[in-house]
Every structure is written in C-alpha cells, then in structure tokens.
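# Fold and contact review
One letter stands for each residue in the lines below.
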Amino acid sequence: MTAHVQGMVVYNKNTAGDVTPGYYYNNGSQWVRLAADAPSDDWSRAGNAGTVANTNFLGTTDDMALRFRTYNSDKFEISSGNAANRGRLRAFENGSAARPTYSWQTDTDLGMYRISANTLGFSASQASFNGNPLYAFDRFTVHGADNEYAINAYASGANGVGVFAESIGYDGMVAIAARYGVYGSGSFGTYGDGVLYGSYGIVDNSTGMGMRAHNSNSSGTGLLASGNNALGNYLGGGSGVAGSGNTGMYGRSLTATGTGVIASGNNNASIAVSPNGSGLAGSGSVLGIFGYAGLGSIANGNRGNHGGEFILDSDNDPTTNSATNGNRATAILAGFDDIAASGPGGVPNLPVADSYFGGYFSGGNENASGTPPSYSYVGLRYNTGSNGTTGTDYKIIGPGTVSTLINDHNNNPRIMFAPESPEIVFQDYGVGKLTNGVARIRIDPILRHSLHIDDQHPLKVYVTLEGDCKGVYVTDKSSDGFTVKELQGGTSNVSFSWQIVANRADSKDANGNIISKHVGLRLPEGPGPLKVEAIQLETKDVKPVIRSNIKRKNAAPFTADLSEEKE
C-alpha cells in the first residue's frame, strides 16, 4: 500500500534508519510512532536515547513560546523565536537575595534575581571574572590580561558617575597597582566622599606619587581641593592645584632644614631654596614672590592692610609676647595704617595719621615697656587725605640716625653720620669772588624752584672770606640769589666760599594742589612703631593608613617607570 490513509494503525517489526519496531499511526501525510518501550519521537520522562543534536530537539516548530511549570505554576518561558522576541529565557518570579531566580542546586543562595523594574540583583559572597582565584577578603574580582582594563566604567549622562563606591564602616574604594591605583578622566577625574578621607593614596617608591592629578586642557585645573565645607573655587585660566577654605593651602616640612611650600614661576627650571629651610620658597626668572592686598582705601576697616608681612620671633611661639620674649624684627611691605605715635601704655595721644608706606622695618624687642624697637618707614606718605594725594612725603623716617659707610686704610667699614634739621630744608654750597667789593651769587635755577623763601622763611646765607678785606655782609636775598658786599664801601677783589639753607617748598600737582606739605613744619608729630602680631593655628598629625590585609596579586616589590611622562 503506497497511499496514506489517515487514522490507520500498524505494527512495524523491522528496523530501517530511524524507523524501529513499534506501533505507528498515519496522520494523512506521514507515519508517526506511538509511545512504546522502544525509542520513539516522543520525549520520555525517563530520558531518550539515540537522539541527534541537529535533528531532535525539545521545543516548538511554530511561533509559540515554550513554558516550563512546576507544581502546575509557570516558572520559566522561552519566548517565540520570531524577530521581535528571538527566543529569550524569561522567569515568572523575581526571586530574592536569599532565593535567586537563577541559581545552583548545591548553592541555592548564589545567583541572579530581579530587584525591581530594570534593576538586576546578584546574590554572592564573592564574584570573579576570567576564572582566576579569589582572595579570601574579596567580594568581587576581575582579572585582566596585558593591556586590558579589568573594569571600565563609563557614564554618558550629564550628571552620571562612572564608578560609585560606598562603605559605611571603612574604605569606599581601595586600588593598588604598579602604576596608577586609580585613574580617572572627565570633568572630574576622580571624586571621593568619606567620613575620614575623601580620597587617600599611598605608595612606597622613590619615583612614585601618592596621588597625581593631570588636566590636559590648556585652561584646566589639575587638582581641586576645598575644606571647611567651602565651595570649590578655581582659576579660569587653570592651575595645577586649586584650594579653597579657611586656609586655601597648607604645607609643613618635618625636617629642620626643610621647606613647607616650594613654588616656581615663569616656567623657571632653577628651583632655589634656603639651605636653612623656610615656610615658603618662591623661585622665578622674573618674580619670585608676589603679594597683593586689594583693600587699601582710606577706611577704618582697612587700617593694617598690606601686601606682605614678615616676623622674626624669639621663642617660636606667636602666643607669647612679653618683655622677655616675642617679636624681635618685623618687615611690612606695601601697607596702609594709622601710624600716629602712642603715649605710655599704648593710649593714643595724637590725632589720627592715616598713611601709606612702601615698607616698614623694625628691629629690637617690640614688647619691652618704655623701650620701643628701632623702626623706619620707607616711601611714606604721612597723614594723607581721603584719596591719598596729600600729606607729607618721607623717603626714610624713623628714630635712628642717618648714616653711611666708608672704608679706612685697612679697608674696614667706618660709619659717618648725616646732620639733621628740625625743619625741612635744602642746602647748597659754592664759591665766589668780590669785584670792586661786590659779588652777586645766583641760586641754581633747578634748585630755586624747590625752595620756599619769604619773610617768615628767609634765605640763610653763610660766607667765609678767603682773603684780607674790611669784611662783608649779605643783602638782596631772594629765591633768585643774594649779593655779597664789602663793608665800609671797600673795593677788594678777594675770594670767598658760601653756604645757603632754605626751606623746601611744598610739592604740588599740575593744578597747584599740595601733594606733600613741607613749609611750616618744625619738629612735627611723627609716626610710631607698628604693632605686628601673629596667631597660632592648631595642627594635627595624621599617620599613614596602611591596609596590611590588602596586597597585590604578585606581592613582590615593583618599580614604576614614569620616564615617558617626565619632561
């Protein structure tokens, strides 16, 4: 019989290919084996033998999903294999950390489960990628081969975070490497938030760095650090380090001849420090140290402002200032203050004298009662007005003597002293000669414009004869000059030398306004010494945090080659 008869049932006794003895029924187009003790096309609960991997399968041949149930409840589904679903394995239950949906029979709490919508959970005491052994203290381990990134985290959102690590008890993230423990790039390369340390790095290598920050943008900032709960602040043009807080940056040397902070400018490769050490050392091919104070207008609150200040203490303790200890020398640069002298006990007894000065220098015990230090102001505009355009100008003023040095025959320096006057005067010297008993001496035209001569401030002339005559007298004195005449109508022709003393004229601007007052000053009230103080800040030592239970996979020492990064 060659035609198919639907519903016909036969028993086959022969074996040919995949046709074996057993009952078959005809479905109208082919013969289909009925279940029997011999192999069949059905899947047996006891398992099947003789299957062919590319021929026999468990599943569907139409566009329908395949479901798996236990206890008559849907547990898993393999979706249909069409273009939309593409045969995915799906679970009907979320599972939990204690009972993950995808797990192992011998380790039922290890696996994967669904926490919530679009959130996947893993339940594991430890996890490792690439099949390498775990360390006893690891929760998650990824081993990468040469030139591989063991973990690469990337966030494309505007406020995204590549890697976020949080630990309630200790470290949020610990990274140990032969080159970079943590390497980050982006608007912020790395960001740390911790109760004790935001970020902490430690190395044991002479060419290594505990922490390195680099910004490759021409206007970028390498490292931004802020303290005292202050907002981060940085230069628009960028910098290596930007610090903000009650103290923007703090540096301390722990050796007797060390330097707290070393700074170099002007792309200067020659770094110079004091062999005795210092708190700050600045080097530059153009400028080593620069100071700027922006509030210098005439205002009570601005008194004491200046561009730079230096103090030499006697006991290395700014909190102790008495007759036996305290400041011994000070220097203040580019300052503004009320420098009127104070009476005994520091009680002001003179009017306010707001003044600008280029420098203030003092030496001696500043705290000894009744014994002020030696001090001087340089480039002083004393007792100035609201715009700093009036007052009296002094090159150098102080209680010491004006002096200079010359060398003796043994080349040893010897001190010479300058005469000083209770008034602001100019002097000039010269020689002359009587002609028939008369000589007219004219004052240098450059000098005379700086002299003030009137009835209250006359020109003083001193003449010394250098020959025999009846004597001389001076007459016709003015800013132009003076006349020397022989007494009793004499007609001698002798030589003489002369000296004049005259009050200095006020300095005025182009509109005639007085800039520096000179005329009428005689023993005026002068400036007193400045009170220079310092405060002691609290410092705290922090020991390095060495995590002894954390080691590299290869514990042998390493040396990092950074030669390609050095300029």
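Residues numbered from 1 in each chain as written. Predicted model: local features only at pLDDT ≥ 70, side-chain atom pairs only at ≥ 80, totals over all residues. Heavy atoms only, no water.

## A word on the layout of surface pockets
As a reminder of what qualifies: Within this scheme a cavity is a closed region of a 1 Å grid, computed over the protein atoms alone, that accommodates a 1.4 Å probe without allowing it to escape, whereas a pocket is open but has protein on both sides within 12 Å along at least five of seven lines; lining residues each have an atom within 4 Å of a point. Grid points are joined across faces, edges and corners, and a volume is the space filled by probe spheres set on the points. Starting at the N terminus, helices and strands are each numbered in turn, a helix being any DSSP run of H or I of at least four residues and a strand any DSSP run of E of at least two.
Counted as a void, the second largest pocket has a volume near 1,400 Å³. Considering the residues around the second largest pocket, the lining is formed by 36 residues, among which Tyr394, Ile396, Val402, Glu420 and Ser421 are closest to the centre. Among the secondary structure elements, those contributing two or more residues to the lining of the second largest pocket are strand 19 (374-382), strand 20 (392-397), strand 23 (425-433) and strand 29 (495-504). If one sorts the elements of the lining of the second largest pocket by residue count, strand 20 sits on top with five residues.

## Here we look at the packing of aromatic side chains
We count it as follows: Note on aromatic pairs: the rings of Phe, Tyr and Trp (six-membered ring only in Trp) are paired at centre separations within 6.5 Å, and the planes decide the class, stacked below 30 degrees, edge-to-face beyond 60, tilted for the rest. Each residue's exposure class comes from its accessible area (1.4 Å probe, protein chains only) as a fraction of the maximum for that residue type: buried when under 20%, exposed when over 50%, partly exposed otherwise.
On inspection of all chains with the given rule, the structure shows nine aromatic pairs. Summarising the aromatic geometry, the rings of tyrosine 375 and tyrosine 377 are spaced 6.1 Å apart at their centres and angled 85 degrees between planes, so their arrangement reads as edge-to-face. Overall, the relative accessible area of 0% leaves tyrosine 377 in the buried class.

## Some points on the sheet that holds strand 8 (residues 107-116)
Let me state the cut-off plainly: Pairing between two strands requires that DSSP report at least two bridges joining them. Axes, fitted as lines to C-alpha atoms, cover a helix only where it is in contact. Angles between the N-to-C directions of the axes lie from 0 to 180 degrees.
The strand order across the open sheet built from three strands is 7-8-9, with neighbouring strands paired in antiparallel fashion. Lying at the two open borders of the sheet, with one neighbouring strand each, are strand 7 (102-104) and strand 9 (119-123). The average angle at which neighbouring strand axes cross in this sheet is 10 degrees, direction not considered. The pairing of strand 8 with strand 9 spans five bridges and is antiparallel. Of the residues in strand 9, the one forming a bridge with glycine 111 is serine 123.

## Details of the nonpolar core
Note the threshold: Definition of nonpolar core: a set of buried residues of the types Ala, Val, Leu, Ile, Met, Phe, Trp, Tyr and Cys, connected through side-chain atoms within 4.5 Å.
Of all hydrophobic cores here, the largest spans 16 residues; its most connected members are Leu434, Ile443, Leu459, Phe482, Phe496, Trp498 and Ile500. Tallying contributions element by element places strand 29 first for this core, with four residues.

## Some details on the sheet that holds strand 6 (residues 89-91)
Remark on secondary structure: sheet strands pair via backbone hydrogen bonds, oriented parallel or antiparallel. Spatial ordering of the open sheet is given by 4-5-6, a layout of three strands whose pairing is antiparallel. With one partner strand each, in any of the chains shown, strand 4 (66-70) and strand 6 form the two edges of the open sheet. On average, each strand axis in the sheet is inclined to that of its neighbour by 25 degrees, with strand direction left out of account. Pairing of strand 5 (residues 73-78) with strand 6, which is carried by three bridges, proceeds in the antiparallel orientation. Note on strand 6: the bridge partner recorded for glutamate 77 is arginine 90.

## Overview of the side chain of glutamate 486
As a reminder of what qualifies: For the purpose of charge, His is not counted, nor are the chain termini; Lys and Arg are scored as positive and Asp and Glu as negative. Counted as salt bridges are all cases of a side-chain nitrogen of Lys or Arg within 4 Å of a carboxyl oxygen of Asp or Glu. In protein, a polar contact requires one atom able to donate a hydrogen and another able to accept it; more generally it is a pair of N or O atoms within 3.5 Å, and residues adjacent in sequence count only if both atoms are side-chain atoms. Throughout, a contact is declared for two residues whenever any of their heavy atoms are within 4.5 Å.
Mapping glutamate 486 onto the fold places it in strand 28 (residues 481-486). Although glutamate 486 is buried, it makes no salt bridge; lysine 470 carries the closest opposite charge, 5.8 Å away. Within the local environment of glutamate 486, its side chain forms a polar contact with the backbone nitrogen of lysine 470, the two atoms lying 3.1 Å apart. For glutamate 486, the side chain forms a polar contact with the main-chain nitrogen of serine 492, separated by 2.6 Å. Aside from chain neighbours lying at most four places away, what touches glutamate 486 is Leu434, Gly437, Cys469, Lys470, Gly471, Val472, Tyr473, Thr491 and Ser492.

## As for the confidence of the model for the protein chain
Just so we agree on the cut-off: Across the chain, each position has a pLDDT score giving the predictor's confidence in that residue, from 0 to 100.
Averaged over every residue, the pLDDT of the protein chain is 83; the share at 70 or more is 83%. Across residues 552-567, confidence stays below pLDDT 50; counting only partners more than four residues off in sequence or on other chains, it has 24 contacts.

## Overview of unusual backbone geometry
Phi is positive for asparagine 72, close to 55 degrees, though the residue is something other than glycine. As for its position among the elements, asparagine 72 is in the loop between strand 4 and strand 5. Positive phi values are uncommon outside glycine, yet asparagine 229 reaches one of about 60 degrees. By the secondary structure assignment, asparagine 229 is in the loop between strand 12 (221-226) and strand 13 (239-244). Residue classification places asparagine 229 among the exposed residues on the basis of a relative accessible area of 83%.

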